[in-house]
Each structure stands twice: as structure tokens, then as C-alpha cells.
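Fold and geometry: a report
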Number of protein chains: 2
Amino acid sequence: MENFVFCTPTNFVFGRGTESQVGKLCIENGATRVLIVYGGGSVVRSGLLDRVRTALTEENLPFGELGGVKPNPEDDLVRIGIDMVRNEHFDFILPVGGGSTIDTAKGIACGALYDGDFWDFYCGKAKIQKALPVGVILTIAAAGSEGSGNSVITNLSNMQKLSLRCPEHLRPRFSILNPELTMTLPPYQTASGICDMMVHIFERYFNNTAETSITDRVSEGVLMSIMDEAPKVMANPQDYGARANIMWAGMLAHNGICGTGVVEDWASHFMEHELSALYGVTHGAGLAVMFPAWLTVVSRINPHRAKQLALRVLHVSPEGKTDEEIIAEGIARLREFWHSLGLPITLKELGIENPDIDTLVRNLHIAKGEPIGNYVKLDRKLTKEIYEEAR
Amino acid sequence: MENFVFCTPTNFVFGRGTESQVGKLCIENGATRVLIVYGGGSVVRSGLLDRVRTALTEENLPFGELGGVKPNPEDDLVRIGIDMVRNEHFDFILPVGGGSTIDTAKGIACGALYDGDFWDFYCGKAKIQKALPVGVILTIAAAGSEGSGNSVITNLSNMQKLSLRCPEHLRPRFSILNPELTMTLPPYQTASGICDMMVHIFERYFNNTAETSITDRVSEGVLMSIMDEAPKVMANPQDYGARANIMWAGMLAHNGICGTGVVEDWASHFMEHELSALYGVTHGAGLAVMFPAWLTVVSRINPHRAKQLALRVLHVSPEGKTDEEIIAEGIARLREFWHSLGLPITLKELGIENPDIDTLVRNLHIAKGEPIGNYVKLDRKLTKEIYEEAR
């Protein structure tokens, strides 16, 4: 096990009706003027935005609103938010939505207190020294941004989709997780979120670090719970218990507890980010295509973790099988599982009939250098092979 | 799943050599005068106390020292510490040791800022409004106090051993976890610590809450890791990887992550506390006796969790067996496992040939009322039956 630091100070307020506490929680965290950030229709239609307005008003908290966050959130809205904060002196950012909304809020939170352009943080030109506090009301179990210090934004000027990691300044002060708020999600969004959280675990689980039993077993436990509960949620979107388990699993998948002491990978995410940037696909659905393709290629070179996953999580029976057969069956079961949730597992099923693989590979290595990943270090030849495997 | 709040702001600094960072960490957390609290011999003999003194001196941090904490820590030393803080104006408490040392430090931290007697907090007469910050250097993987907001102290005047829970004020600001520091522990202490952490999980795992898949699976994962790693640690106390996994497992067992959304039990701990108070046994060893006795009795009344544990964690094969047989085999395997670590599994093996069961039962219900526990609500008849089962 590697040395590590683990600090997750976010106050998670979990359960039915918890969004009514938002005003009190903002005040406890020093808010005097709140900027609500949200996406579009569902938060408005469901009446959630109105309930948030009421909760803030009841605490005499002035607030402004910035709507219009889109999936694969873009830099332009972050800049608008930064201008709003500067002009109207907001001191607390309150995203109401999923990962895209929270990531936009985090971009605003760090950018508003920085003299240069906020993109400097995402492209690695500058390091965050301070940020406004962020509190979250989560409506989609997927990205894990409610418990992480990460944010992913797409820059429209060059179509770079880059992730920023700064746990010290970007972890939310509080996150309100009410599983009821996820009951009205379209099935495809629910399924994509489930895939996203599973791959958040895989990015950590696939490592070469020795003696990581505790981190492995916790990760395998979270994965098994997700795979137990996902079919229930798909069959009955109103199943509170299943929604609750999935929602908490999504947080655990990405707050770092599944990665303590290991050297993480993240190549699948980088490869999917290029797909999202070029073709605008849903992140979780893109991962359902890219991750098994990645696993197929890398497990030929480094099989040990793929075998462990197949045996412990995917319940492949090892009897009479070679390691190659165990791994192949594991990958097939994973693809079948995601397929059963209604997710695509090939680029073709994702609607990309003729992928421009040369451009994907070029953009990938421009953004992330060469090699990428740690479980297997991927050069251009291998990343091309993975995109081909995903067709 | 029940509504819950989960907030664990402790900064965990994990790995080899991390105790050298203690001065810097104290200063980051506002310390200007530090009271070091420790037990006895091993912290001095190993040179750890000297290294801590050096690290604080290097940061020009003045400090005082309070040694002499004993297992099952007592109220008198807490009062001495409180007087030291008041007379010498310490503003940060630094326990260097295991659960007893940390719990003593927490008692000092809350008592020093309170006008009345600190015991008021433990017996429920008063609620903590503020406490001095506490930072930890851990030397025993066991109690989980390094990540919890709990403290257990024995009052010598009435031999009450009571636990206090106040996550808001008593969670450590930082905890330094260097597995190397646990390598010189006597085998019996290592084994007792392993039992203690397992029972911390069981106290949460045995619940009647519906739809807790994610919490179950995480708990089962931590238990399986402990059971995989414990024999390695006993066979080779210098095995860094195994020590590291056990140390992190001990934290996870008690920081609350294994209890999110469930109604916890804690009857076994209450019953063991009476044993410790009356006979001065090692807490973890007392649990190795009391927990299986508790499980034997309660699983006759409420079997469902005992069966799940037997199948998922203790790897009992269900084929051709009744539920009663599966559970009995699970309990037998658990007892065998603890026995294999060198722990007692009966009161007799613990050195208590003629237990005064009437006094144990009387003290238990004076301290904790009637009934106790939640998985099965225990009246005097049942607690007596459990102590008898433990003989």
C-alpha cells in the first residue's frame, strides 16, 4: 500500500425531504448571498427549484440564479457565473442538479476569486489558492462530484474536455442527497449514471499496487451493491430503497475511499472524454463502450486484476477454465449487464457508425500526453487498438 | 435505509514515516501550546515520544506531557489533564497511542472548556458545546477512536464504564496512521485489536433496517479484508502490507461508514464494558467472549443477519443445511477464527472462573437501562442468558 492522505470533510445530509434543510446549511457554512446554479427543465418542472427558493427565503438569504447547464458542461457558462459573482457579490455557490451542474459551480467557485482566466486551473497553468464555498443538492446518482474535489469542463474554443482535481478547495461543504429526487430521471440517464459510478471504481481498482486488500474489498463491495440494486431501479424507478443504495454508492465510488493507497489509472475516462468532446455523447454511456474495450486490450498485457474482478464481483466460476477464459467471461458479463440496463456497448450502438479514430487518438494524446494510464501505460498504438475494439 | 448525516472531516495522513509531519499538522490546526498524552513504556522505549518531541521542537511549538494512560482509561487522569490545560494554557491535545490514550485526550479536550465536571458529558447530564482540537498519532489498530467522535472512560468512584458520542466536537482534526508503529505490539494486543474492530462492524451490521445493501456490502468487504490479513499479521508482525490493511480497516470499522442508514445495536459492547469494569480484562479479548455468546442467543430470536454473515463473510456452504445449522457453523467459524489468533472465547479462558453474573447484569441495566440493544431488545432474562452462554 502506498502512503496517502484522505480527508473528506463534506457534510452529507442523506434521506427523504432533506432538501428543506438547505437554507440552514448554507447559513451554517457562512453564506450571505447565494448563487443557485442549475440545468434546465426537470429541476424547474419537478418544483424542486421552487422549494429551494422557499427554503432560502425562509432563512432570509438573498439569492441569484444561473440556469442552463448542459451535459458535458462548457466553459462559457462558467464565465457567466464568474461575472455574476463579481457583479452581485455572491459568497456561496449552490448547484442543484447532477455532475455537470456541480462541476460548473466548482469552476465558478474557484474562478471568481482568481485574477486570470479560470481555465488556467483546468489546463494546469495555475493552482487554486482559494475558492468560494459550494453546497450541493444532488438530483442524479452518477458523477460523484457531490463528494469529490474534482470538476470536468469542456472548453468550446478547442473542444478540450479537461478535469481538475483540488480536494483542498473544491470538495463541497455539504451535499444534500435525497433519493426521491432521482426517481423521475429518464431510464437512460439512470443507467448512464450507474455505469459512470462503476467505472469510477474500476479506474482505481485496476492498479499494480501491492497489498491493497482493504481498498479492494471495499471497492468490490460497492460494485456488488450497485449490481444488485441497478436492476431494481430500472424495473421500478420509484423503489426508494434501491435508489438510496445507488445514490450512496455513487458518492462512495468517487470520494476516494475506493482508491486509498493505490496508484489509479483513469485511461478509460480520458478516452471517453475525447468521445464526449467530439460526438457529444452521454458520459456514462460512452464509458459503457470504452471501458470494456480498454479492459479487453489491457488484460492481454496485464491480466491479474481482470481475473480478480471476474471471480469476486462478476461471479465467474473458475472451474475448468484458463485465466484467459475467466477474463473473457468476466468482460462478457460486464457488457451483458450494461446492455441489460439499456446502455450501448459499441460505438455503433452509441450512434457513431464511422468513428474518426485518428482524430480521437490525436486529441487524446495532445490533451494527456503519452503514455496515458498506469495499469498498462498506453501509447498511440494501444489507444488506437482500444478505439478499434470499441467499434 | 434510514435518513442519516455523515461527516468525517478528520485529515488522515497514512503511511511510513508520517509521524514526522506532526509539528506541521498541529500548526495547520491552530496549535500554539500542545499537551502530549501517552500511556507508558512502548511509546517511550520505541523512541516514538522522542521523535514527536523533536518534530514539535522543530516547529517551535511549546509542549507539555501527560503520561500514564492505562487500558480501560480512568477518569482521574482526565481530571489531571484538564488541570494541566487550565494551568498551562494548552490549546491542542496530542494523544500518542491507542484508543485509551485518544479517549483520555478527548475527555480532556471537552472537559477543559467546561465549567462543571467532565463526567457530566459521559453520564448524559450535559452536552458538549465546545472542545479543544485533538490530533492523533496512532500506535494500535483497534478502537477506531482515531476516526470517530467517541470516547469511553471508566469512573473509578462507581466503576461505570461509559461511552460518549459527539462527532461534531470530538472527531480528531488529523490522525497520523503509520503501520510501522504497530509492528512491535505484543501478539495478544494485536489480536484483541483485530477482534475489537470486527465487533465495531458487527454492532452496525446486526440491524433490522430494510434496504441497506450498500452499507452491508461495504461492511462485509472490510470484514473479509480483516480476516484475510489478520493471520498474516500474527504470523509475521513485521508484514507492512498486512499491518497497513489492518490499520485502515480499524479506522473504517468505526468512523461510521459501516453504519450509514442503519439502526445500530451495541449491546455486545455494553455487556463487555461491564466485564472490563468488574474484571479489568482487555476490551477486545472481552468482546471475543461476549460477541459470539450474544450472537448465539439473539440469532435464535432474530436469525436473518446471522445467516447473511455466515454465507457472505464466513463462507459457510449452505448446501443441505437448515438455517439453524448455517448459523451455528458461522458462529463456530468465528469462534475458531478468534481462537486461532490466540484470543479467549469463554469467560473461563479469559481467566474468570466464577463470574458474578448477577452483578454484571445489575450493573449493565443500571448503566444502560432496560431493554438494551436494537437487533433484539434484551431484558434482564436475556442478558443473563448471554453471560451464562459466555461461561
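Above this text is the structure in question.
Conventions adopted
- Residues numbered from 1 in each chain as written.
- Chains lettered and ligands numbered in written order.
- Predicted model: local features only at pLDDT ≥ 70, side-chain atom pairs only at ≥ 80, totals over all residues.
- Heavy atoms only, no water.
- Contact = heavy atoms within 4.5 Å.
- Buried area = accessible area lost by both parts, 1.4 Å probe.
- Salt bridge = Lys/Arg side-chain N within 4 Å of Asp/Glu carboxyl O.
- Polar contact = N/O pair within 3.5 Å; in protein donor to acceptor, adjacent residues only side chain to side chain.
- Phe/Tyr/Trp six-rings, centres within 6.5 Å; stacked < 30°, edge-to-face > 60°.
- Helix = DSSP H or I, 4+ residues; strand = E, 2+ residues; numbered from the N terminus.
- Buried < 20%, exposed > 50% of the residue type's maximum accessible area, 1.4 Å probe, protein only.
- Lys NZ or Arg CZ within 6 Å of the ring centre and 35° of its normal.
- Least-squares fit on C-alpha atoms with pLDDT ≥ 70 in both.
- Pairing = 2+ DSSP bridges.
- Axes fitted to C-alpha atoms, helices over the stretch in contact; angles between N-to-C directions.
- Expected span 1.5 Å × (residues − 1).
- 1 Å grid on protein atoms, 1.4 Å probe; cavity = no way out; pocket = protein on both sides within 12 Å on 5 of 7 lines; lining within 4 Å.
- Points joined across faces, edges and corners; volume = space filled by probe spheres on them.
- Nonpolar A, V, L, I, M, F, W, Y, C, P; charged D, E, K, R; others polar.
- Core = buried A, V, L, I, M, F, W, Y, C linked by side-chain atoms within 4.5 Å.
- Arc of directions from axis to C-beta.
- Parallel < 35°, antiparallel > 145°, perpendicular 65-115°, else oblique.

The next point concerns the interface of chain A and chain B. If you look at the interface, chain A gives 40 residues, while chain B gives 40 residues. Each partner contributes to the roughly 3200 Å² buried at the junction of chain A and chain B, and carbon and sulfur atoms together form 57% of this total. It is A:Ile214, A:Arg217 and A:Trp248 that lose the most area in chain A upon contact with chain B, and together they represent 18% of the buried surface on that side. Where chain A meets chain B, there are two salt bridges. Residue B:Arg217 pairs with A:Asp228 through a salt bridge whose shortest N-O separation is 3.0 Å. On the surface where chain A and chain B come into contact, there are 23 residue pairs in polar contact (both at pLDDT 80 or more).

With that settled, the discussion passes to the packing of aromatic side chains. All names here are of chain A. Tallying each qualifying case throughout the model produces 40 aromatic pairs over all chains. On the numbers, 5.4 Å between centres and 85° between planes, the contact of Phe12 with Trp248 is edge-to-face. A residue pair is termed long-range when its members are at least 10 positions apart, and Phe12 in strand β1 (residues 4–14) and Trp248 in helix α10 (residues 240–252) qualify at 236 residues. A relative accessible area of 3% means that Phe12 is categorised as buried. Judged by its relative accessible area of 1%, Trp248 falls in the buried class. Following the ring pairs from residue to residue traces out a cluster consisting of Phe202, Tyr205, Phe206, Phe291, Trp294, Trp338 and Tyr375. One residue, Arg33, lies across the ring of Phe90, its end atom 5.5 Å from the ring centre.

Looking now at the relation of the copies chain A and chain B. Rotating chain A by 180° about the axis while translating it 0.0 Å along that axis superimposes it on chain B, leaving an RMSD of 0.0 Å. Here the two chains are linked by the operation of a two-fold rotation axis. For chain A, the residue whose C-alpha comes nearest the rotation axis is A:Pro9, separated from it by 1.9 Å. Looking at the interface residues of chain A, 100% of them are also at the interface in chain B, so both copies use one shared face.

This paragraph deals with the sheet that holds strand β1 (residues 4–14) of chain B. Spatially, β3(A)-β2(A)-β4(A)-β5(A)-β8(A)-β1(A)-β1(B)-β8(B)-β5(B)-β4(B)-β2(B)-β3(B) is the arrangement adopted by the twelve strands of the open sheet, whose pairing is mixed. Where the open sheet ends on each side, the last strands, each with one partner, are β3 (63–66) of chain A together with β3 (63–66) of chain B. The sheet shows a mean angle of 20° between the axes of neighbouring strands, direction not considered. Examined bridge by bridge, strand β4 (residues 92–97) of chain B and strand β5 (residues 135–138) of chain B share two bridges and lie parallel to one another. Note that in β5(B) the partner of B:Val96 across the bridge is B:Ile137. Running at roughly 165° to β3(A), helix α4 (residues 75–88) of chain A makes contact with β2 (34–38), β3 and β4 (92–97) of chain A of the sheet.

So, on to α4(A). Residue and element names in this part refer to chain A. Taking 1.5 Å of rise per residue, 14 residues should cover 20 Å, and α4 covers 20 Å from first to last C-alpha, within 8% of that figure. For α4, every residue scored as buried is listed here: Asp75, Leu77, Val78, Gly81, Ile82, Met84 and Val85. In the core, the buried residues of α4 are packed alongside β2, β3, β4, α5 (99–111) and β6 (150–155). His89, located one to two residues past α4, shows a positive phi value of around 60°.

The subject of this paragraph is the side chain of B:Asn72. All names here are of chain B. Residue placement: Asn72 occurs in the loop between β3 and α4 (75–88). According to the relative accessible area criterion, Asn72 is buried, its value standing at 14%. A distance of 2.7 Å separates a polar atom in the side chain of Asn72 from a polar atom in the side chain of Lys161. Polar side-chain contacts of Asn72 include one of 3.1 Å to the backbone oxygen of Val281. Discounting chain neighbours no more than four positions away, the residues touching Asn72 are Ser100, Thr154, Lys161, Ser276, Gly280 and Val281.

Residue and element names in this part refer to chain A. Tracing the backbone through its elements, the reader meets Ile326 in helix α14 (residues 323–340). Classification of Ile326 by relative accessible area gives buried; the value is 2%. Apart from residues no more than four positions distant in its own chain, Ile326 is found in contact with Lys307, Ala310, Leu311, Val316, Pro318 and Lys321.

The next point concerns the layout of surface pockets. Considering only enclosed or pocket space, the second largest pocket measures out at about 260 Å³ in volume. Lining the second largest pocket are 13 residues, and of these A:Met224, A:Leu311, A:Arg312, A:His315 and B:Arg217 lie nearest its centre. For the lining of the second largest pocket, the elements supplying multiple residues, two or more each, are α9 (213–235) and α13 (304–312) of chain A together with α9 (213–235) of chain B. Tallied by class, residues from the lining of the second largest pocket come to four nonpolar, three polar and six charged.

On to the nonpolar core, then. One finds A:Trp248, A:Trp338, B:Trp248 and B:Trp338 to be the most contacted residues of the largest nonpolar core, which totals 236 residues. Setting aside residues up to four positions removed in sequence, A:Trp338 forms contacts with A:Cys195, A:Met198, A:Val199, A:Phe202, A:Leu287, A:Ala288, A:Phe291, A:Pro292, A:Leu343 and A:Ile345.

Let us look at the pairing of β3(A). Residues and elements named next belong to chain A. Only one face of β3 is buried, namely the one carrying Gly64 and Leu66, since none of Phe63 and Glu65 on the opposite face is buried. In this structure, β2 lies alongside β3, joined through four bridges in parallel fashion. The partner of Ile36 across the bridge, within β3, is Glu65.

Mapped onto the secondary structure, A:Gly67 falls in the loop between β3 and α4. Beyond its immediate sequence surroundings of up to four residues, A:Gly67 is in contact with A:Tyr38, A:Gly39 and A:Leu77.

With that settled, consider the pattern of salt bridges. By the definition in use, this model includes 46 salt bridges over all chains. The salt bridge involving A:Lys24 is made with A:Glu28; its shortest N-O contact spans 3.4 Å. Here A:Lys24 and its partner A:Glu28 are both found in helix α1 (residues 22–28), four residues apart, which amounts to about one turn of the helix. Under the relative-accessibility criterion, A:Lys24 is labelled partly exposed at 40%. Sharing partners across several salt bridges, the network here consists of A:Arg217, A:Glu220, A:Arg312 and B:Asp228.

With that settled, consider helix α3 (residues 48–58) of chain B. An α-helical turn contains 3.6 residues, so a residue and the one three or four places further along point in the same direction. All names here are of chain B. When α3 is considered as a whole, its buried residues turn out to be Leu48, Leu49, Val52, Ala55 and Leu56. Within α3, the buried residues cover an arc of 120° as seen down the axis, which keeps them to one side. Backbone geometry just downstream of α3 places Asn60 in the positive-phi region, at approximately 55°.

As for its placement among the helices and strands, B:Ser225 is situated in helix α9. Its relative accessible area of 1% is what places B:Ser225 among the buried residues. Apart from the residues lying within four places of it in its own chain, the contact partners of B:Ser225 are A:Ser213, A:Ile214, A:Arg217 and B:Asn245.

All names here are of chain B. Following both chains from N to C, one finds helix α12 (residues 283–301) and helix α14 (residues 323–340) inclined at 180°, their axes separated by 10 Å at the closest point. On the basis of the axis angle, α12 is roughly antiparallel to α14. In contact with Leu287, Ala288, Phe291, Pro292, Ala293, Leu295, Thr296 and Ser299 of α12, α14 contributes Ile327, Ile331, Leu334, Arg335 and Trp338.

What follows concerns unusual backbone geometry. Note: most residues except glycine have negative phi, and most peptide bonds are trans. Residue A:Pro371 is reached from A:Glu370 by a cis peptide bond, and omega for that bond is 0°. Mapping A:Pro371 onto the fold places it in the loop between α15 (357–368) and α16 (380–389). You will see that A:Asn60, though not glycine, has its phi angle at about 55°, which is positive. Checked against the element boundaries, A:Asn60 lands in the loop between α3 (48–58) and β3. Even without glycine at this site, B:His315 takes up a positive phi of about 55°. The residue B:His315 is located in the loop between α13 (304–312) and α14 in this model.

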